[in-house]
Amino acid sequence: MKVDVLVVGAGPTGLTAAIECLRHGLSVRLVDVRAQRAEGSKALVVHARTMEAFHAMGVAEAIRAAGIPFSALNVFPDARPPAIRVSLDREFDWGDTEFPYWLSTPQADVEGCLEDRLHALGGQVDWAQGLLDLRQGDDGVHAELTGGTCHARWLVGCDGGRSTVRERLGIPMQRRQDGQLFVLADVLTRDGFPEDEGRVYRSRKGLTLIVPMPEPQRFRLIAHLPGCAEPPVLNANFVEQLVLDRTGIALGTHGVGWTSHVELSHGQSEAVRRGDAFLAGDAAHLHSPVGGQGLNAGVQDAHDLVWKLAAAKRGVTKWLDSYEVERSVLGGRLVRAVTLATRVMTLRRPIPWAVTARVARLALSRRVVRRQLTRRMGMLEQRLPPGPGIDRTPWAGRRLPNPWIDGQRMHDRVDRLRPGILELPEGGVAVVRPDRVVVGRYSSAAAIPQRILELIPDSV
Ligand SMILES: Cc1cc2nc3c(=O)[nH]c(=O)nc-3n(C[C@H](O)[C@H](O)[C@H](O)COP(=O)(O)OP(=O)(O)OC[C@H]3O[C@@H](n4cnc5c(N)ncnc54)[C@H](O)[C@@H]3O)c2cc1C
């Protein structure tokens, strides 16, 4: 079998990659070693920047319908009232995004919506087809799968934290175990518990997060169990006692659905590309679930990579160099930020715990801090480094602002398939990529440097 792109792994990253291939006119095969989709709800929060990618992919409405936006996050930095209420709904100044919320949607539902979109575009997942080995030649990648071979111009490894693709490419990932155990449980609670507000309790007994889920009265409990080597049995009694002990709340737990545990580890692959093979998602970066960034980062990796593969097929190969530079920097920043946040949130020694609790109360009581934090977690403030695909002008590397202009959002003026030149309402032009990142901003089209024009031959 011969295709443009072989995508290995049908989690959120691989499904996004396959959808994007079809949208960009690349032939694709998507394989997964599992016999069928995993049912666990795993990741829960879809952030604004990811919804912007889903909008371009034509799946945002379905995912919005499957989820519930948080209206607030109540943070108890020292596990005691009063909470600092971080409002996330209309009261909150989200700025210019069309998706002003954190959307609680179980990963299985996100994957279900993505798979429906894949089918609508004529694609499918080849289940029970594991990648066993791969070999690179002048003409692309030869892959050995459980059920035969596949030859692809490019291969994208979206096969998760224990990636076979990464291992076969010989790309190291230093995984650091933190020796910390987190348990996760989807629980049914009593009537009257606020349905759409999250809670974060930073107790010395352990960090506890209670996150609303789309189904009425169902919440996700995420709890750090310090000093616990083996995961306990997560039944209703255990959950009820743990929450009461740490937060003083009687949840009224009367049903426990999906449960799991995570032994925290973090790491970043030393590269995201070897020749014609690429890594995306957990295969490239791993960290704790605090902040709900894992699924979001994987979707964005794949959304970014595939338009670059499509450009390479049209003969503009330089964009592929930018994938390596940009994703390595973003992946590194993400792993460091989440690891630091997790360490601060799980501190237990009395003095550092008390000091950071005090600092958190002071900082979070400031509106400007709450806004920055929320937009950063929504991934709206990312800045890509200058490099092969980013110039050094104002706005370069940033997300294109998305105000309303004459009844239309600015992002809807951007070509969803190819990078191109966008006239700005205030004058001048910007070169903008299909992932709505600004390559550079210039006084006029005539002022765009030659090296940037070479990246957008279709627009000149
Ligand atoms: C219990 C748990 C809770 C989590 N909670 C959160 C959370 O609250 N928030 C958050 O943001 N993140 C969370 N995460 C992390 C999040 O689920 C991941 O970041 C996300 O799934 C990454 O997506 P991915 O597609 O890159 O990898 P995965 O979802 O791991 O998908 C990889 C796919 O590759 C397939 N595969 C593996 N090897 C092969 C092979 N050799 N050949 C073919 N296919 C292969 C696997 O079967 C799998 O389907 C959680 C993870 C776990 C395990």
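Residues numbered from 1 in each chain as written. Predicted model: local features only at pLDDT ≥ 70, side-chain atom pairs only at ≥ 80, totals over all residues.

J.: Sorry if this is basic, but what is going on with the packing of helix α2 (residues 48–57) against helix α7 (residues 294–313) here?
T.: Packed helix pairs are characterised by how far apart their axes lie and by the angle those axes make with each other. Running from N to C, α2 and α7 cross one another at 40 degrees; their axes reach a closest spacing of 9 Å. The orientation of α2 with respect to α7, classified from their angle, is oblique. Like other packed secondary-structure pairs, α2 and α7 cross with a definite hand, here left-handed. Mapping the contact onto sequence places Arg49, Thr50 and Ala53 in α2 and Asn296, Val299, Gln300 and His303 in α7. A breakdown of the residues in the contact of α2 with α7 according to their chemical character gives 2 nonpolar, 4 polar and 1 charged. (Axes fitted to C-alpha atoms, helices over the stretch in contact; angles between N-to-C directions. Helix = DSSP H or I, 4+ residues; strand = E, 2+ residues; numbered from the N terminus. Parallel < 35°, antiparallel > 145°, perpendicular 65-115°, else oblique. Left-handed = near helix turned anticlockwise from the far one by under 90°. Contact = placed C-beta atoms within 7 Å. Nonpolar A, V, L, I, M, F, W, Y, C, P; charged D, E, K, R; others polar.)

J.: Which parts of the structure should I look at to understand the site of the ligand?
T.: As a structural note, the neighbourhood of the ligand is formed by 33 residues, with Gly9, Gly11, Gly160, Gly281 and Gly294 the closest of them. Its residues assigned to classes, the shell around the ligand shows 14 nonpolar, 14 polar and 5 charged. Both domains that meet at the shell around the ligand, namely domain 1 (2–68 + 99–174 + 268–377) and domain 2 (176–266), each give it at least three residues. (Near = placed C-beta within 6 Å. Domains from an automatic or database assignment.)

J.: I would appreciate a short explanation of the pairing of strand β24 (residues 438–442) in the present structure.
T.: Consecutive side chains along a regular strand alternate between the two faces of the sheet. Taken across its 5 residues, β24 has 5 buried, putting it largely inside the fold. Here 4 bridges tie strand β23 (residues 429–432) to β24, and the two strands are oriented antiparallel to one another. Its bridge partner being in β24, valine 431 is matched across the sheet by glycine 440. The turn linking β23 back onto β24 is made up of 5 residues, and arginine 436 within it adopts a positive phi angle of 60 degrees. (Buried ≥ 20, exposed ≤ 12 C-beta atoms within 10 Å, placed from the backbone. Pairing = 2+ DSSP bridges.)

J.: What is the right way to read α2 from this model?
T.: A turn of α-helix holds 3.6 residues, and therefore any two residues three or four places apart point the same way. In terms of burial, α2 is a largely internal element, 10 of the 10 residues being buried. Of all the residues in α2, the buried ones are Ala48, Arg49, Thr50, Met51, Glu52, Ala53, Phe54, His55, Ala56 and Met57. Lining the buried residues of α2 we find α1 (12–23), β3 (45–46), α3 (60–66), β7 (103–104), α4 (107–120) and α7.

J.: Explanation requested: the sheet that holds β23 in the structure shown.
T.: Paired through backbone hydrogen bonds, the strands of a sheet run either parallel or antiparallel to each other. If you walk across this open sheet you meet the 3 strands as β22-β23-β24, and the pairing is antiparallel. At either margin of the open sheet sits one strand with a lone partner, and together these are β22 (420–423) and β24. Sheet twist, expressed as the mean angle between neighbouring strand axes with direction ignored, is 25 degrees.

J.: Could you clarify how one ought to interpret α7 in this entry?
T.: Between its first and last C-alpha, α7 extends 29 Å over 20 residues, near the 28 Å set by a 1.5 Å rise per residue. Most of α7 sits out of view: 18 of its 20 residues are buried. (Expected span 1.5 Å × (residues − 1).)

J.: Where do I start with unusual backbone geometry in this structure?
T.: Residues apart from glycine generally show negative phi values, whereas peptide bonds are mostly found in trans. A cis geometry characterises the amide bond from proline 81 onward to proline 82, with omega recorded as 0 degrees. Here proline 82 lies in the loop between β5 (72–76) and β6 (84–87). The phi dihedral of glutamine 217 is positive, around 65 degrees, even though this residue is not glycine. Here the phi dihedral of methionine 379 falls at roughly 65 degrees; this positive angle occurs in a residue that is not glycine. Structurally, methionine 379 can be placed in the loop between α10 (367–377) and β20 (404–405).

J.: Is there a simple way to explain the sheet that holds β7 in this structure?
T.: Ordered in space as β3-β7-β4, the 3 strands form an open sheet in which the pairing is antiparallel. Edge positions in the sheet fall to β3 and β4 (68–69), since each of these pairs with one other strand and no more.

J.: Mind showing me how you'd approach the nonpolar core here?
T.: A general feature of soluble globular proteins is that nonpolar side chains tend to end up buried together. Counting residues in hydrophobic clusters, the biggest one holds 115 residues, and the most contacted among them are Leu155 and Val156. Top contributing element to this core by residue count: α7, with 9 residues. Once you skip the residues sitting within four places of it in the chain, leucine 155 turns out to touch Leu6, Val8, Leu134, Val141, Ala143, Val165, Asp276 and Ala277. Of all hydrophobic cores here, the second largest spans 6 residues; its members include Ala297, Leu334, Val335 and Val338. (Core = buried A, V, L, I, M, F, W, Y, C linked by C-beta atoms within 7 Å.)

J.: Looking at this structure, how should I read the domain arrangement of the protein chain?
T.: Under the domain assignment used here, the protein chain contains domain 1 (2–68 + 99–174 + 268–377), domain 2 (176–266) and domain 3 (404–459). For domain 2 and domain 3, the distance between their C-alpha centroids amounts to 46 Å.

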